[in-house]
Amino acid sequence: MLSRVANSIYWMNRYIERVENYARFVSVNINLSYDLPGMISEHWGLLLEATHDKATYDKLYSEETEDKIIYFITFDPNNPNSIFNILGNARENARTVKETLPKEIWEHLNSFYLSFKQFSTTRKLDFEELPNFYENRKQQCQLFAGMIDGTLLRDEAYYFASMGKFLERADKTSRFLDIGYFNFKSVSDVKTANPQDLLVWSAVLKSVSAFNMYRQQYKSLKQENIIEFLIKDRDFPRAICHSIKKAEYAIYRISGARPQDSYSNEAEKAITQLKHDIDFTETNEIIKYGLHKYLNDFQVKNNNIDQEIFKVYFA
């Protein structure tokens, strides 16, 4: 496979996963604003921290307000990381490799982008309409992921797609946890959890569709259990550990090497090291080290894997 084609497929899937997760980012704050209006109204700026777009926002806007942040993350053409621009990037990557994709995938992604573009220029959403709007965007992304799984040959294209999706998912799950951490600390001390704290952590779980699956394994909402579930669980599809394992599998399938036989390039080495770091770090060690610091370290290592993939396959 040409490196140009592989790069486009990889980033097409990273961008679609990012669109879904940005929709989830905004949804969790909207849902919390109904339950904790006084507290959450002061913390919309956390979304800018989570997406690393605060500097860009500050250049464009003079103050942080709910409406402006929602517009900035969702529709703003001047924000390179708005959902509108990310979706456009995904569509452009797909357009350049149409010959390697099933027809249905290109048609769905093209229609998704054009309808979003038309919506952004012709309608202004009321706050009450936002939950349904973001839920629909999530469903469109999930439909795309389902079409990839259901129609693409299990060849190099599929594994580059899978690699991009799961690396992006791991990164964004870590950022959901970070938002939960900051909100939690702003409400009360860790040792004295109250109903407001539980609402925050419930929202974090729901934002990654993890609430019901979490309750099947744990009887109560506890910070340490939620951290363990979203970081270390091997079987939940949006947990960091599961996502890194899936990305590792895809990387090794592309080269034909096997993890048990050692790595064959620096990208494989980096992702296997990260997987072992997660496996062999206990939840109490994460809390003792500091959740925010641990997640920040993880994001740096995850980004390093992306850089190594570029050097090995795309440069």
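See the structure printed just above.
Not measured: the values here are computed from a predicted model. (Residues numbered from 1 in each chain as written. Predicted model: local features only at pLDDT ≥ 70, side-chain atom pairs only at ≥ 80, totals over all residues. Heavy atoms only, no water.)

Draft legend 1. Geometry of the overall build of the protein. Counting its secondary structure elements, the protein contains 16 helices and zero strands. Computed over the C-alpha atoms, the radius of gyration of the protein is 19 Å, within 12% of the 20 Å expected from 2.2 N^0.38 for a compact globule of 315 residues. Taking the principal axes of the C-alpha coordinates as reference, the protein spans close to 55 × 50 × 35 Å. Taking all contacts inside the protein whose residues are at least 6 apart in sequence as the whole, residues at least 24 apart take part in 66%. Roughly 14700 Å² of accessible area belongs to the protein as shown, and the carbon and sulfur atoms make up 48% of that amount. Separation of charge centres in the protein, based on 40 positive and 43 negative side chains, amounts to 3 Å. (Helix = DSSP H or I, 4+ residues; strand = E, 2+ residues; numbered from the N terminus. Rg over C-alpha atoms; globule rule 2.2 N^0.38 Å. Contact = heavy atoms within 4.5 Å. Areas by Shrake-Rupley, 256 points an atom, 1.4 Å probe, with all protein chains shown as cover. Lys, Arg positive; Asp, Glu negative; His and termini not counted. Charge placed at Lys NZ, Arg CZ, Asp CG, Glu CD.)

Draft legend 2. Broad picture of the pattern of salt bridges. For the structure shown, the criterion picks out 21 salt bridges. Taking the shortest distance from any N to any O, the salt bridge between Glu-17 and Arg-238 comes out at 2.9 Å. Separated by 221 residues along the polypeptide, Glu-17 in helix α1 (residues 3–35) and Arg-238 in the loop between α12 (223–232) and α13 (240–255) bring together distant segments of the chain. The two residues Glu-17 and Arg-238 agree in class, both being buried. The network of salt bridges with common partners includes Arg-14, Arg-18, Glu-168, Asp-171, Lys-172, Arg-175 and Asp-306. (Salt bridge = Lys/Arg side-chain N within 4 Å of Asp/Glu carboxyl O. Buried < 20%, exposed > 50% of the residue type's maximum accessible area, 1.4 Å probe, protein only.)

Draft legend 3. Spatial organisation of the packing of aromatic side chains. In this structure the tally under the stated criterion is 24 aromatic pairs. On the numbers, 6.1 Å between centres and 90 degrees between planes, the contact of Tyr-61 with Phe-72 is edge-to-face. Highlighted residues: Tyr-61 in the loop between α4 (54–60) and α5 (66–74) and Phe-72 in helix α5, separated in sequence by 11 residues. Each member of the pair Tyr-61 and Phe-72 is classed as buried. When the centroid spacing of 6.2 Å and the interplanar angle of 70 degrees are considered together, the rings of Tyr-159 and Tyr-249 count as edge-to-face. Of this pair, Tyr-159 sits in helix α9 (residues 156–187) while Tyr-249 is found in helix α13, placing the two residues 90 residues apart along the sequence. Taking the ring centre of Tyr-158 as reference, the NZ or CZ of Arg-154 above it sits at 4.0 Å. (Phe/Tyr/Trp six-rings, centres within 6.5 Å; stacked < 30°, edge-to-face > 60°. Lys NZ or Arg CZ within 6 Å of the ring centre and 35° of its normal.)

Draft legend 4. Highlighting the side chain of Arg-14. With respect to the helices and strands, Arg-14 occurs in helix α1. With a relative accessible area of 4%, Arg-14 lands in the buried category. The contact partners of Arg-14, leaving out residues within four places of it in the chain, are Gly-164, Leu-167, Glu-168 and Asp-306.

Draft legend 5. Structural view of the environment of Leu-221. Mapping Leu-221 onto the fold places it in the loop between α11 (211–217) and α12. Residues in contact with Leu-221, not counting those within four places in the same chain, are Leu-198, Ser-202, Leu-205, Phe-211, Tyr-214 and Ile-226.

Draft legend 6. Local environment of the packing of helix α10 (residues 195–207) against α12. Between α10 and α12, whose axes approach to 11 Å, the crossing angle comes to 10 degrees. In terms of orientation, α10 lies roughly parallel with respect to α12. Crossing geometry of α10 relative to α12 is assigned as left-handed. Contacts from Trp-201, Val-204 and Leu-205 in α10 reach Gln-223, Ile-226, Phe-229 and Leu-230 in α12. Across the contact of α10 with α12, the residue classes tally to six nonpolar, one polar and no charged. (Axes fitted to C-alpha atoms, helices over the stretch in contact; angles between N-to-C directions. Parallel < 35°, antiparallel > 145°, perpendicular 65-115°, else oblique. Left-handed = near helix turned anticlockwise from the far one by under 90°. Nonpolar A, V, L, I, M, F, W, Y, C, P; charged D, E, K, R; others polar.)

Draft legend 7. Structural view of α10. Helix length check: α10 (13 residues) gives 18 Å between terminal C-alpha atoms against 18 Å at 1.5 Å per residue, within 8%. Taken residue by residue, α10 has Asp-197, Val-200, Trp-201, Ser-202, Ala-203, Val-204, Leu-205 and Ser-207 as its buried positions. Of the residues flanking the end of α10, it is Ser-209, one or two places downstream, whose phi is positive at about 55 degrees. (Expected span 1.5 Å × (residues − 1).)

Draft legend 8. Inspection of the side chain of Ser-207 at higher detail. Turning to its location among the elements, Ser-207 is positioned in helix α10. Ignoring sequence-local partners within four residues, the contact set of Ser-207 consists of Arg-24, Val-28 and Phe-176.

Draft legend 9. Representation of the nonpolar core. Counting residues in hydrophobic clusters, the biggest one holds 97 residues, and the most contacted among them are Leu-230, Ile-231 and Ile-309. If one sorts the elements of this core by residue count, α1 sits on top with 13 residues. Those residues within four positions of Leu-230 in sequence are excluded, and the remaining contacts are Thr-173, Leu-177, Val-204, Leu-205, Val-208, Ala-210, Phe-236, Ala-239 and Ile-240. (Core = buried A, V, L, I, M, F, W, Y, C linked by side-chain atoms within 4.5 Å.)

Draft legend 10. Looking closely at unusual backbone geometry. Its identity is not glycine, yet Ser-209 carries a phi of approximately 55 degrees, on the positive side. The phi angle at Ser-262 is positive, at roughly 85 degrees, despite the residue not being glycine. Mapped onto the fold, Ser-262 is located in the loop between α13 and α14 (266–279).

Draft legend 11. Layout of the environment of Lys-138. Note on placement: Lys-138 falls in helix α8 (residues 130–151). Residue Lys-138 is classed as buried on the basis of its relative accessible area of 11%. As a C-alpha pair, Lys-138 and Gln-217 span 79 residues in sequence and 25 Å in three-dimensional space. Excluding its chain neighbours within four sequence positions, the residues that come into contact with Lys-138 are Glu-20, Ala-23 and Arg-24.

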